[in-house]
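Each chain, written out:
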Amino acid sequence: MKPYPTEDELPPFKTLNEVDFSATYSYADYMRFEFEERLEIIKGHLFKMSPAPSRIHQGISANIFVPIYNILKGKPCRVYSAPFDVRLAKKSVNDKEVFTVVQPDIVVVCDQTKLDKRGCIGAPDILVEILSPGNNKKELINKYEVYEEAGVKEYWIVSPSDKTFFRYILDDNGKFQPTKLLTEGEEVTTTIIPGFKLILEEVFQD
C-alpha cells in the first residue's frame, strides 16, 4: 500500500477551483500553484490579484520604472517590475514557514544578499503599488501592516484614477510615517536613491 504523500510530495494545484480560500497557505503551497491566475499570500491568507493590468496602469508602471532603472545603472541597488515575488519571512526563511508572498508593481532592493533566483527574500528598500479597481481595503490594510513589520523603508502608493502619489517612510522606531499627498506638478525624491527625481506630471502622462 502506497504511503500518503509527504508535504514535499503533495500534488500541484492545476486550477483555481482546487484552492480553498479559507485555508492558510505558505510559500511552499504557493509554489504548487500551476494555474494562470495570479495570487498573493498575506499573513497566510490568499488574495486574488486583479486581471491583466490596464494600459494606463502599465504606462504608469513604466514611467516610474524607467527613471529608477536609468539612475541605478552601475550602482548596487536593483529595480524589478511585476511579476516578481517578494517573500516576507517573520521567523524562518524556510518555504513552509513563509506566510506572506506579494508581487508589488515595482521593487527596489539595495541589499543583494536578499536576491535569489526566485525573487527577493526579505524587505525591499522601496515597494510600489499602483492601485487598480480590484484592490480591496482589507488587502491594502494587511499589506501596510506586513510591509511595516518587515522593515520596508518606503512604501509608495500610486492612484491612476486620482493621479495621486502617496508615500509611507519607515522611521527610526520601525513605524511608517505618512507624507504629503502629491499630484501632478510635484516631484518625488528619496534618500534611498540619491539624485533621483520623479516628475509626477510625466508619471501620469498617457
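Above this text is the structure in question.
Here's a quick rundown of the structure. Given the structure is predicted, the values throughout are model-derived calculations rather than measurements.

With four bridges connecting them, strand S1 (residues 39-42) and strand S2 (residues 45-48) associate as antiparallel partners. Looking at S2, one finds that Leu39 is bridged to Lys48. Between the end of S1 and the start of S2, which pair antiparallel, lie two residues, with Lys43 showing a positive phi angle near 55°.

Attention now moves to the side chain of Thr164. Within the fold, Thr164 resides in strand S11 (residues 164-170). The class for Thr164 is buried, based on a relative accessible area of 15%. Those residues in contact with Thr164 that lie beyond four places of it in its chain are Ile157, Val158, Ser159, Leu181, Leu182, Thr183 and Phe204.

Inspection of the entire model under this criterion finds 14 salt bridges. Each of Glu40, Glu129, Glu139 and Lys143 takes part in salt bridges that share partners, so that together they form one network.

Turning our attention to the packing of aromatic side chains. With the rule as written, the count across this model stands at 17 aromatic pairs. Measuring from centroid to centroid gives 5.6 Å for Tyr27 and Tyr30, while their planes differ by 25°, and the two rings are stacked. Of this pair, Tyr27 and Tyr30 both sit in helix H1 (residues 27-30), three residues apart, roughly one helical turn. Owing to a relative accessible area of 0%, Tyr27 belongs among the buried residues under this scheme. Geometrically, the ring pair formed by Tyr155 and Phe176 is tilted, given 6.2 Å between the ring centres and 35° between the ring planes. One end of the pair, Tyr155, is in strand S10 (residues 154-159); the other, Phe176, is in strand S12 (residues 176-178), and 21 residues separate them in sequence. Each of the two residues, Tyr155 as well as Phe176, counts as buried. What links up through ring pairs into an aromatic cluster is the set Phe13, Tyr25, Tyr27, Tyr30, Phe33 and Phe35.

Cut-off values and rules
Residues numbered from 1 in each chain as written. Predicted model: local features only at pLDDT ≥ 70, side-chain atom pairs only at ≥ 80, totals over all residues. Heavy atoms only, no water. Pairing = 2+ DSSP bridges. Helix = DSSP H or I, 4+ residues; strand = E, 2+ residues; numbered from the N terminus. Buried < 20%, exposed > 50% of the residue type's maximum accessible area, 1.4 Å probe, protein only. Contact = heavy atoms within 4.5 Å. Salt bridge = Lys/Arg side-chain N within 4 Å of Asp/Glu carboxyl O. Phe/Tyr/Trp six-rings, centres within 6.5 Å; stacked < 30°, edge-to-face > 60°.

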